[in-house]
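So you can see what is in the structure, the chains are spelled out below.
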Amino acid sequence: MEMQDKTAPQLSVCGAAECCRMTIFTGGFSMENIRIYEEDGYIHFIMRPEDLMRLRYSTEAKTPFADFMDRWLTQMKTQVRENTMDGYRYAFEKHIKPFFTARGTTLATARPMDFQDFVNLKFDQGLSPTSIVKFHSIMHKCLKYAVALQIIPTNPSDNVMLPKRTRFRGQVYDRTQINIFLAAALQSPAEAAFVLAATYGLRRSECAGLRWCAVDFRARSMVINHTAVLSSGRVIYADSVKTKSSYRTLPLSDSLRRYLTDLRRRQNANRKKYGKAYCQSDYVCCREDGSPLRPEYISREFERVCRRACLPRIRFHDLRHSVATILLQQGFSLKQIQDWLGHSDFSTTANIYAHLDYSSKLSSAQAMVSGMPLPEAGDFGSRWEQNAEKS
């Protein structure tokens, strides 16, 4: 047994077998509490449970899990958007903190069963599988950071059985219904947002955040680089989008270019009408006095327009799905739709719209059977009868 004087005290033990060598960080406690012996070529360690715990975890592991997560959330402000952080905070304060504080769980004592119990409790309380999976994802990210800091050796939230989420498939409008909707949306304060969503598939945050400075009439393009997001009752305007892929430049079709040109003319007329009372916001989607449309107002107004048009009830976000569906029907590939909608990866587009991609499946089926001399239906019957006679 040989002690080495390094930054952290170490114990190096060699057994009878040359291949048997082990190094353990002692964490600063007395080695008198450890009994070591060799038997059958194996080295055995006998120690108290609390000493074993100190071998595996740093002194920071005594920190209550809720306290560590609170500090982690403060650091995460620089990593995620403000509305995302609001969601993290809500999940922590409302659900995660009360559960683990009541249990007295620390980073060192946290076990997979603690997180399984949390998941089971929230499911019994009637929370949706989607919410539960999000809660677990937040905790898992936090504990992954603790592992990276070498506070704990493994992530105790691994291997938790999560409730199965049912895939939501919203309704969509076909081309005829889209035209009926747009006709009913004329003169609505949110008309511009409806046009952008129903013809280009923009998200609500992208519609509310589009500015005239991002529209280039000469280049016939517009840049999606600014959003308006509702968070805890307030609207956050930021030069950021949902993902890197959401930042994109889209061409202006002739019809949309004409519409935006007319819209700007009307807004300039309102600017003269209201004078100093006009809100100089530069937002494309605004009220008559120039004040930007709030995201939740766009959704409420959308429901009213749909009712007036006697159209099936769908979500505002389903206009985006409607655009994707129409593009698929026109023969555009899922990859092209991914780029247009600004999805972060192809799997997102495929998971949402693959079940609608019937045209590609039909092409595949035709390619499979081309050149194959398939028998006619009558041919099948005659061969069946021949085989029956032989038997």
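Here the structure is a predicted model, which means the values were calculated and not measured. (Residues numbered from 1 in each chain as written. Predicted model: local features only at pLDDT ≥ 70, side-chain atom pairs only at ≥ 80, totals over all residues. Heavy atoms only, no water.)

**Q** Help me understand the sheet that holds strand 7 (residues 221-224) in this model?
**A** Strands pair in a sheet through their backbones, by hydrogen bonds, and they do so in one of two ways: parallel or antiparallel. Pairing in this open sheet of three strands is antiparallel, and the strands run 6-7-10 from one edge to the other. Every other strand in the sheet has two partners, leaving strand 6 (215-216) and strand 10 (248-251) as the edge strands with one partner each. As judged from the two bridges shared by strand 6 and strand 7, these two strands associate in the antiparallel manner. Considered in strand 7, the bridge of D216 is made with S221. (Pairing = 2+ DSSP bridges. Helix = DSSP H or I, 4+ residues; strand = E, 2+ residues; numbered from the N terminus.)

**Q** I would appreciate a short explanation of the packing of aromatic side chains in the present structure.
**A** Think of a pair of aromatic rings as described by two things: how far the centres are apart, and how the planes are tilted against each other in angle. Under the defined criterion, the tally for this structure stands at 16 aromatic pairs. For the ring pair F65 and F100, a centre distance of 5.0 Å and an interplane angle of 75° mean the geometry is edge-to-face. With F65 in helix 2 (residues 65-75) and F100 in helix 3 (residues 82-103), this residue pair connects regions lying 35 residues apart in the sequence. Both residues of the pair, F65 and F100, count as buried. (Phe/Tyr/Trp six-rings, centres within 6.5 Å; stacked < 30°, edge-to-face > 60°. Buried < 20%, exposed > 50% of the residue type's maximum accessible area, 1.4 Å probe, protein only.)

**Q** Explanation requested: the pattern of salt bridges in the structure shown.
**A** When charged atoms on two side chains of opposite charge get close, those side chains can pair. Following the criterion strictly, the structure yields 19 salt bridges and no others. R234 is the partner of D86 in a salt bridge, and the nearest nitrogen-oxygen pair spans 3.5 Å. Placement of the pair is D86 in helix 3 and R234 in strand 9 (residues 234-238), with a sequence separation of 148 residues. According to the relative accessible area criterion, R234 is partly exposed, its value standing at 33%. Through salt bridges with shared partners, a single network forms among E191, D262, R265 and R266. (Salt bridge = Lys/Arg side-chain N within 4 Å of Asp/Glu carboxyl O.)

**Q** I would appreciate a short explanation of the environment of D216 in the present structure.
**A** Along the chain, D216 turns up in strand 6. Along the sequence, D216 and P251 sit 35 residues apart, while their C-alpha atoms lie 9.5 Å from each other. In terms of polar contacts, D216 uses its side chain to reach the backbone amide nitrogen of A219, at 3.0 Å. (Polar contact = N/O pair within 3.5 Å; in protein donor to acceptor, adjacent residues only side chain to side chain.)

**Q** Could you clarify how one ought to interpret the nonpolar core in this entry?
**A** Inside soluble globular proteins, nonpolar side chains tend to come together where they are buried. Ranked by internal contacts, the top residues of the largest apolar core, which has 48 residues, are F181, F194, M222, L256, L260 and L319. At the level of elements, helix 6 (175-185), helix 7 (191-200), helix 8 (204-209), strand 7, helix 9 (254-274), helix 10 (295-308) and helix 11 (318-329) are the ones that each hand at least two residues to this core. Apart from residues no more than four positions distant in its own chain, L256 is found in contact with V195, L196, Y200 and M222. (Core = buried A, V, L, I, M, F, W, Y, C linked by side-chain atoms within 4.5 Å. Contact = heavy atoms within 4.5 Å.)

**Q** For this particular structure, what's the right way to read the side chain of S322?
**A** With respect to the helices and strands, S322 occurs in helix 11. Apart from the residues lying within four places of it in its own chain, the contact partners of S322 are V172, Y173 and I178.

**Q** It is not clear to me how the pairing of strand 9 should be interpreted in this structure. Could you clarify?
**A** Strand residues, when the strand is regular, have side chains that alternate between the two faces of the sheet. Two strands pair when backbone bridges link them, and strand 8 (residues 227-231) and strand 9 are joined in this way by five bridges, in the antiparallel orientation. The residue of strand 9 that forms the bridge with A228 is Y237. Hairpin geometry of strand 8 and strand 9 is characterised by an intervening segment of two residues between the two adjacent antiparallel strands and by a positive phi of about 55° at S232.

**Q** Can you help me understand the pairing of strand 10 in this one?
**A** Alternating residues of strand 10 divide into R248 and L250, all buried, and T249 and P251, none buried. With four bridges connecting them, strand 7 and strand 10 associate as antiparallel partners. Residue pairing in the sheet places S221 in a bridge with P251 of strand 10.

By themselves, these observations are geometric and do not establish any function.
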